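Each chain, written out:
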Amino acid sequence: MKALVPIAVFALALTGCAQAETPGVLAGEAWTRTTTGTQMPEMTAVFVSLSNPSSKLINLVEADCGDVAAKTELHEMVEKDGQMVMQQTDAIPVPAEGHQHLAPGGPHIMLMGLTKELPVGGEEVKCHLKFDNGQEMDITAPIKEFTEEQESYHTHEEMDYGSESPMPKDNG
Ligand SMILES: [Cu+2]
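Calculation notes
- Residues numbered from 1 in each chain as written.
- Predicted model: local features only at pLDDT ≥ 70, side-chain atom pairs only at ≥ 80, totals over all residues.
- Helix = DSSP H or I, 4+ residues; strand = E, 2+ residues; numbered from the N terminus.
- Buried ≥ 20, exposed ≤ 12 C-beta atoms within 10 Å, placed from the backbone.
- Contact = placed C-beta atoms within 7 Å.
- Pairing = 2+ DSSP bridges.
- Axes fitted to C-alpha atoms, helices over the stretch in contact; angles between N-to-C directions.

Student: Help me understand the overall build of the protein chain, please; the structure alone is not making it clear to me.
Tutor: Counting its secondary structure elements, the protein chain contains 3 helices and 11 strands. Listed by position from the N terminus, the elements making up the protein chain come as α-β-β-β-β-β-β-β-β-β-β-β-α-α. Taking all 172 residues of the protein chain together, the buried fraction comes to 23%. The contacts of the protein chain with a sequence gap of at least 6 include a subset with a gap of at least 24, amounting to 70%.

So, in structure tokens, the structure goes:
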């Protein structure tokens, strides 16, 4: 019977270990779109690449970027009347063993009612993120240029582009 004790302890240790090692979301390549020269300088967005190494879907449920903006919201892109428009969402999903790229034309952290201009290379925006697995993290998002190329990302012209690109044809 003596042998049972160490086995029980070992089992407990394993359980504790598994919980501690549950991988959470990883964030990288955060950036903030500059407001310099944009049409609506009172708003902008923060973008970040999220990876989820775990086997469960994890949702980004909250973002707070401090006093840089009056309001911080999570936004997703949806199609309305043939146009991609953004709308507020409660959750941006990061698929299990997958990625979610917050990027122009896709989901983003929306900053509204900016309290100052955000010039390229200016003070980095710091955001606190919360996930529905209880995880919280801080990201630092340097201010970068928003190019036309990125802007056309979500347009239909861009999406249709693929069908016009030369396909390997069987001319035989
Ligand atoms: Cu938005």
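Here the narrative resumes, following the displayed structure.
Student: What am I meant to see in the sheet that holds strand 10 (residues 136–141) here?
Tutor: Note on sheets: strands pair through backbone hydrogen bonds, and any given pair is parallel or antiparallel. As summarised here, the arrangement of the 4 strands in space is 6-3-9-10, forming an open sheet in which the pairing is antiparallel. Every other strand in the sheet has two partners, leaving strand 6 (92–94) and strand 10 as the edge strands with one partner each. For this sheet, the mean inter-axis angle between neighbouring strands, taken without regard to orientation, is 40°.

Student: Sorry, what's going on with unusual backbone geometry here?
Tutor: Excluding glycine, a negative phi dihedral is what most residues carry, and trans is how most peptide bonds are arranged. Here the phi dihedral of glutamate 29 falls at roughly 50°; this positive angle occurs in a residue that is not glycine. By the secondary structure assignment, glutamate 29 is in strand 1 (residues 26–33). A residue is classified by how many C-beta atoms lie within 10 Å of it, and glutamate 29, with 14 of them, is partly exposed. One non-glycine residue, glutamate 97, adopts positive backbone phi at about 50°. Within the element layout of this structure, glutamate 97 appears in the loop between strand 6 and strand 7 (98–101).

Student: Help me understand the pairing of strand 5 (residues 83–88), please; the structure alone is not making it clear to me.
Tutor: For a regular strand, side chains alternate in direction, first toward one face of the sheet and then toward the other. By the criterion of burial, strand 5 is predominantly exposed, with just 0 of the 6 residues buried. Pairing analysis gives 6 bridges linking strand 4 (residues 69–80) to strand 5, with the strands arranged antiparallel. The partner of lysine 80 across the bridge, within strand 5, is glutamine 83. What sits between the antiparallel neighbours strand 4 and strand 5 is a turn of 2 residues, in which aspartate 81 has the positive phi angle 50°.

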